[in-house]
Amino acid sequence: MTGEYRVIHIPGEFLPERGGVLNGIDIAYHTYGRLNAERSNAVWVCHALTANSDVADWWPHTVETGRFLDPDKNFVICANILGSCYGSTGPLSKNPDTGRPWYTDFPHLTMRDIVRAHILLADALGIDRIHALIGSSVGGFQALEWAVMEPERFEKIVLIATDAYASPWTIAIDETQRMAITADATYGEPRPDAGARGLAAARAIGLLTYRGPLGYNATQQDLPGATLEDPHRACTYQRHQGDKLVRRFDAYSYMAILDTFDTHDVGRGRGGRSAALKRIKAPVLVVGLTTDIIFTPAEMRALAASIKGARYAELDSPFGHDGFLVEHEQLNSLILPFLEGQTE
């Protein structure tokens, strides 16, 4: 499914919570399907760390007829987050005060800043009510924050492999990746490819947590007949995935998003997470994964229990956190009935 890609410019000062100013922001977004006359069929997808707004590209077999992101029924929309490098304003964007890219001078953002940009886009498109808000991983951070900020806007919410705050464990994962990037002596140089080797290493570190031991052991065994001189498949896989990210991303955007990730806490300034989650009014489906070591099943069940009336479901997958990208049949069987109002 090919979506429509657009970039909207939002004029005026955008003031990040942590200081600085962006004099106007660009928001890149994809849409699939058409908004109906009642403007009641919007399904908003919030993307994860290094994804983009093209949901059909990074989430296979979801934006298809008969699936939970059916473009024949829904107006599916996804916005590239601020700080990324897929069309929205980020570290490689031009700083209007200098005429050069921001690089490390890009303002530090919070998850609430990301959501404020989503709100600006939704308002600009005239989407007052959103039929369903769906977020996985860092996308779930955005979805939770938005549901707390504007509880009246949403009819249903789906949260996949995520949490109401960035835990010490997830922050430690991010810091380890930051250490890898800053260990690259080229990081900080004013060029788009600075820190590339550090970024590749950071990606390899992240992949360990995305897949976990079951996923690696199931897919990266050495081939029969391999000799002692042959590189291990697990080694070549790590290097390949690191190089693959370097070809499509940059270290400055990666660092900006990791830093934003770590600010996530829906309870900040709201009397705690329990009080904040009580603001959510829409029915919520929380989906965990059996082998996820980033957002464990226990944590996902706890998240569901903390949201009044939320339902919990679980994907059985050996692929850890990345299971939500792989197990599309299971995912569809859980989400589609929820969105269509079917009860257990």
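Residues numbered from 1 in each chain as written. Predicted model: local features only at pLDDT ≥ 70, side-chain atom pairs only at ≥ 80, totals over all residues. Heavy atoms only, no water.

Tell me about the overall build of the chain, and please be specific about residues and values.
Counting secondary structure elements, the chain contains 11 helices and 10 strands. Since a compact globule built from 344 residues should have a radius of gyration of about 20 Å, the 20 Å found for the chain is in line with a globular shape. Reported as C-alpha extents along the three principal axes, the dimensions of the chain are approximately 65 × 55 × 40 Å. Put simply, the chain has 344 residues, and 56% of those count as buried. Mean positive and mean negative side-chain charge positions of the chain (32 and 42 charges, respectively) differ by 3 Å. (Helix = DSSP H or I, 4+ residues; strand = E, 2+ residues; numbered from the N terminus. Rg over C-alpha atoms; globule rule 2.2 N^0.38 Å. Buried < 20%, exposed > 50% of the residue type's maximum accessible area, 1.4 Å probe, protein only. Lys, Arg positive; Asp, Glu negative; His and termini not counted. Charge placed at Lys NZ, Arg CZ, Asp CG, Glu CD.)

Can you explain the layout of surface pockets? Please cite residues and give values.
Here the largest pocket defines a volume of roughly 730 Å³. Secondary structure elements with two or more residues in the lining of the largest pocket: α1 (55–58), α4 (168–182), α5 (196–219), α6 (233–248), α7 (251–261) and α10 (323–326). (1 Å grid on protein atoms, 1.4 Å probe; cavity = no way out; pocket = protein on both sides within 12 Å on 5 of 7 lines; lining within 4 Å. Points joined across faces, edges and corners; volume = space filled by probe spheres on them.)

How would you sum up the packing of aromatic side chains? Please name residues and give values.
Applying the stated rule across the entire model yields 13 aromatic pairs. Pairing Trp58 with Trp59 gives two aromatic rings, centres 5.4 Å apart and planes at 10°, and the pair type is stacked. In this pair, the class of Trp58 matches that of Trp59, namely buried. Look at Phe141 and Phe295: their rings are 5.9 Å apart centre to centre, the planes differ by 80°, and that puts the pair in the edge-to-face class. Of this pair, Phe141 sits in helix α3 (residues 138–149) while Phe295 sits in the loop between β9 (284–289) and α9 (297–306), and the two are 154 residues apart along the sequence. Look at Phe295 and you get buried, because its relative accessible area is 2%. (Phe/Tyr/Trp six-rings, centres within 6.5 Å; stacked < 30°, edge-to-face > 60°.)

Go over the side chain of His264 with me, naming the residues and quoting the values.
Looking at where His264 falls in the secondary structure, it is placed in the loop between α7 and α8 (273–277). Judged by its relative accessible area of 2%, His264 falls in the buried class. A distance of 2.9 Å separates a polar side-chain atom of His264 from the backbone oxygen of Asp163. Each residue touching His264, except ones within four places of it in the same chain, is listed here: Met111, Phe141, Asp163, Ala164, Tyr165 and Ala166. (Polar contact = N/O pair within 3.5 Å; in protein donor to acceptor, adjacent residues only side chain to side chain. Contact = heavy atoms within 4.5 Å.)

Explain the pattern of salt bridges to me, and be specific about the residues and the numbers.
A side chain of one charge can pair with a side chain of the opposite charge when the charged atoms of the two come close. With the rule as written, the count across this model stands at 21 salt bridges. Between Glu4 and Arg6 there is a salt bridge; the shortest N-O distance is 2.7 Å. Owing to a relative accessible area of 39%, Arg6 belongs among the partly exposed residues under this scheme. The shortest N-O distance in the salt bridge between Arg178 and Glu175 comes to 2.9 Å. On the criterion of helical spacing, the pair formed by Arg178 and Glu175 is a turn pair, its members being 3 residues apart in helix α4. By relative accessible area, Arg178 is classed as buried at 10%. Several salt bridges share partner residues, and in doing so they unite Glu175, Arg178, Asp259 and Asp262 into one network. (Salt bridge = Lys/Arg side-chain N within 4 Å of Asp/Glu carboxyl O.)

Lay out α4 with the relevant residues and their values.
Taking 1.5 Å of rise per residue, the 15 residues of α4 would be expected to cover 21 Å, and the 20 Å separating its terminal C-alpha atoms lies within 8% of that figure. Buried within α4 we find Thr170, Ile173, Asp174, Gln177, Arg178, Ala180 and Ile181. Buried residues of α4 fall within an arc of 160° about the axis and therefore sit on the same side. Opposite its buried face, α4 presents the exposed residues Pro168 and Met179, each directed more than 90 degrees away. Turning to α4, the residues buried within the fold contact α5 and α7. (Expected span 1.5 Å × (residues − 1). Arc of directions from axis to C-beta.)

Any chance you could break down the state of the cysteines for me, citing the residues and the numbers?
For the structure on display, the rule yields 0 disulfides. Take Cys78: it sits in no disulfide, and the sulfur closest to it among the cysteines is that of Cys46, at 7.1 Å. Among the residues examined, Cys78 registers a relative accessible area of 0% and is labelled buried. No disulfide involves Cys85; its nearest neighbouring cysteine sulfur is the one of Cys78, lying 14 Å away. Exposure remark for Cys85: the relative accessible area of 25% places this residue in the partly exposed category. (Disulfide = S-S within 2.5 Å.)

Before we move on, could you go through α3 and cite the residues and values that matter?
Look at α3: 17 Å from first C-alpha to last across 12 residues, which is about the 16 Å you get at 1.5 Å a residue. When you tally the buried positions in α3, you get 11 out of 12 residues, the bulk of the element. By the burial criterion, the buried members of α3 are Val138, Gly139, Gly140, Phe141, Gln142, Ala143, Leu144, Glu145, Trp146, Ala147 and Val148.

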